[in-house]
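Report on the structure
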Amino acid sequence: LGHLTLLGLKKLVMPWCTDGPDEAEMGGTLEITMSDWADRCHAQGGTVILPHLPNPNGEPAAMIATGRVDAVEFFRHGADYPLWRGMYNHLEYYRYLNGGYRLPLVGGTDKMSSDVPVGLYRTYVYIPPEQDFTYETWCANLAAGRTFMSGGPIISLSVDGHAIGDTVRLSGNGGTVEVEAWAESIFPIHTLQIVQQGHVVAASEDRTGTRRLELKTMIKVDGHTWLAARVSGPDYTNPILHHDAWRRGVMAHTSPVYVACGDDWQLFDQETAQYMLTLIDGSLTYIRELSPRAQPGTVTHHHGEEDHEAYLERPFLEAQAAIHRRMHELGLAV
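Summarised in this report is the structure supplied together with it.

Parameters and conventions
Residues numbered from 1 in each chain as written. Predicted model: local features only at pLDDT ≥ 70, side-chain atom pairs only at ≥ 80, totals over all residues. Heavy atoms only, no water. Helix = DSSP H or I, 4+ residues; strand = E, 2+ residues; numbered from the N terminus. Buried < 20%, exposed > 50% of the residue type's maximum accessible area, 1.4 Å probe, protein only. Contact = heavy atoms within 4.5 Å. Areas by Shrake-Rupley, 256 points an atom, 1.4 Å probe, with all protein chains shown as cover. Lys, Arg positive; Asp, Glu negative; His and termini not counted. Charge placed at Lys NZ, Arg CZ, Asp CG, Glu CD. Pairing = 2+ DSSP bridges. Right-handed = clockwise from strand over helix to strand, strands pointing away. Axes fitted to C-alpha atoms, helices over the stretch in contact; angles between N-to-C directions. Parallel < 35°, antiparallel > 145°, perpendicular 65-115°, else oblique. Left-handed = near helix turned anticlockwise from the far one by under 90°. Nonpolar A, V, L, I, M, F, W, Y, C, P; charged D, E, K, R; others polar. 1 Å grid on protein atoms, 1.4 Å probe; cavity = no way out; pocket = protein on both sides within 12 Å on 5 of 7 lines; lining within 4 Å. Points joined across faces, edges and corners; volume = space filled by probe spheres on them. Salt bridge = Lys/Arg side-chain N within 4 Å of Asp/Glu carboxyl O. Phe/Tyr/Trp six-rings, centres within 6.5 Å; stacked < 30°, edge-to-face > 60°. Lys NZ or Arg CZ within 6 Å of the ring centre and 35° of its normal.

1. What to know about the overall build of the protein chain
Across its full length, the protein chain holds seven helices and 14 strands. In terms of overall dimensions, the protein chain has C-alpha extents of about 65 × 50 × 45 Å along its principal axes. A burial count over the protein chain gives 52% of its 334 residues as buried. Across the protein chain, every contact between residues at least 6 apart in sequence was considered, and the portion connecting residues at least 24 apart equals 70%. Counting every atom, the protein chain has about 15500 Å² of accessible surface; 52% of that belongs to carbon and sulfur. Taking the average location of the 25 positive side-chain charges in the protein chain and that of its 41 negative ones, the two points are 4 Å from each other.

Spelled out as structure tokens, the structure:
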């Protein structure tokens, strides 16, 4: 159903894996959901990261719909993959943002072998100067969206003077915002872009490669939206590659700055909602028809409930209800 990274645990969340090969032990059964793991992490004051968005693409949609995810991770951007794979993380991330879900962005190594250096893709978090520099404040500001992820460059973004993770509030139906961004890198960078709801709306380029790029521009806003900055190789989609096993690109990407017009920030995309409902329905079908499970009454499950299937289904049914509720509130057909 997926993978999770749990930060700030005081005690282990067990089991570490479930559902048999190739994620758990031979002959293993589906004992737990990622939502349960996330709930137990949050109960300890921890932080829940969805790594290498979105794969394995079973439960992520349900977790995002129910607010169980504090941040999502990129770990791949490379030109040796077809474009749909090299940009797949991006397209999935933008999809959920356009659906109205606030999702900070982090980077991760996914170190599966010794030829992947720790920190090749990493997370930078801004901690306001009035706060102490501790692991707890780092996690809290990560969850607040004051982040960028990087495979090399340092990147900065502000919108009307507001920092990454902030919400800019405009009166009425919108207006114009001033956007400033810069990036610096020891590796050559070629393209610095401003992305608005998944579309590039401004860019600065150096075709020969440079150590610094910057831009300042005015962007028209006519409704709730989000803006982010990203930097990489030519056209952004063709990065210089690191020499690790994953062949990851030199790049950096910020979390969004959200722009609200008239009232609290909100976005909704019917296509995203249907996509999420389809994934949730597929996961329910997997649980009911394909997942390896012990015969009812033959084992005692850690959750102590008599109906194990009902326990497994619960977070997915909660997610369906949450999406339908949003559609109903917006006056859309369910």
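Don't stop here, the text continues.
2. Side note on the pairing of strand β2 (residues 47-50)
Burial along β2 is two-sided: T47 and I49 and V48 and L50, pointing in opposite directions, are all buried. By the bridge criterion, three bridges tie strand β1 (residues 5-7) to β2 in an arrangement that is antiparallel. Considered in β2, the bridge of L6 is made with V48. As paired strands, β2 and strand β3 (residues 71-74) are joined by two bridges and run parallel to one another. The residue of β3 that forms the bridge with I49 is A71. In this region the chain leaves β2, passes through helix α2 (residues 60-65) and returns to the parallel neighbour β3; the handedness of that crossover is right-handed.

3. Observations concerning the packing of helix α6 (residues 270-289) against helix α7 (residues 308-329)
Running from N to C, α6 and α7 cross one another at 165°; their axes reach a closest spacing of 10 Å. In terms of orientation, α6 lies roughly antiparallel with respect to α7. Once α6 is placed against α7, the crossing between them reads as left-handed. In contact with Q270, A273, M276, L277, I280, S283, L284, I287 and R288 of α6, α7 contributes E309, L312, E313, F316, L317, A319, Q320, I323, H324 and M327. Of the residues in the contact of α6 with α7, the class split is twelve nonpolar, four polar and three charged.

4. Things to note about empty space enclosed by the protein
The final tally for this structure, using the stated rule, is one cavity of 30 Å³ or more. Roughly 30 Å³ of volume is contained in the largest cavity. Surrounding the largest cavity, G99, Y101, F268, D269, T272, A273, M276, I323 and R326 form its lining. With three residues, α6 is the largest single contributor of residues to the lining of the largest cavity. Of the residues in the lining of the largest cavity, the class split is five nonpolar, two polar and two charged.

5. Quick look at the pairing of strand β5 (residues 122-125)
Two faces belong to every sheet, and in a regular strand the side chains alternate between them. Only one face of β5 is buried, namely the one carrying T123 and V125, since none of R122 and Y124 on the opposite face is buried. As defined by bridge partners, β5 adjoins strand β6 (residues 147-150) across four bridges and the pair is classed as antiparallel. Directly across from R122, in β6, lies its bridge partner S150.

6. Some points on the pattern of salt bridges
Within the structure shown, the criterion is met by 14 salt bridges. K216 is the salt-bridge partner of E178, the closest N and O atoms lying 3.9 Å from each other. Placement of E178 in strand β10 (residues 175-196) and of K216 in strand β11 (residues 199-221) is noted, with a sequence separation of 38 residues between them. K216 gets classed as exposed once you look at its relative accessible area, which sits at 55%. Put simply, D39, R68 and E318 are held in one network by salt bridges that share partners.

7. Here's the deal with the packing of aromatic side chains
According to the stated counting rule, one finds six aromatic pairs in the structure shown. Ring plane angle 35° and centroid distance 5.5 Å describe the contact between Y94 and W226, whose orientation is recorded as tilted. Placement of Y94 in helix α4 (residues 88-98) and of W226 in strand β12 (residues 225-232) is noted, with a sequence separation of 132 residues between them. Judged by its relative accessible area of 4%, Y94 is buried. Considering the side-chain rings of Y258 and W265, the 4.8 Å spacing of their centres and the 65° angle between planes classify their relative orientation as edge-to-face. When its relative accessible area of 4% is taken as the criterion, Y258 is described as buried. Judged by relative accessible area, W265 falls into the buried class, the value being 9%. The structure contains a cluster of three or more aromatic residues connected by ring pairs, namely F74, Y93, Y94 and W226. Geometry around Y258 places R102 over its ring, the cationic atom sitting 4.3 Å from the centre. Positioned above the aromatic ring of Y236, the side-chain terminus of R230 is 4.1 Å from the ring centre.

Fair warning: the whole summary comes from geometry, so function is off the table for now.
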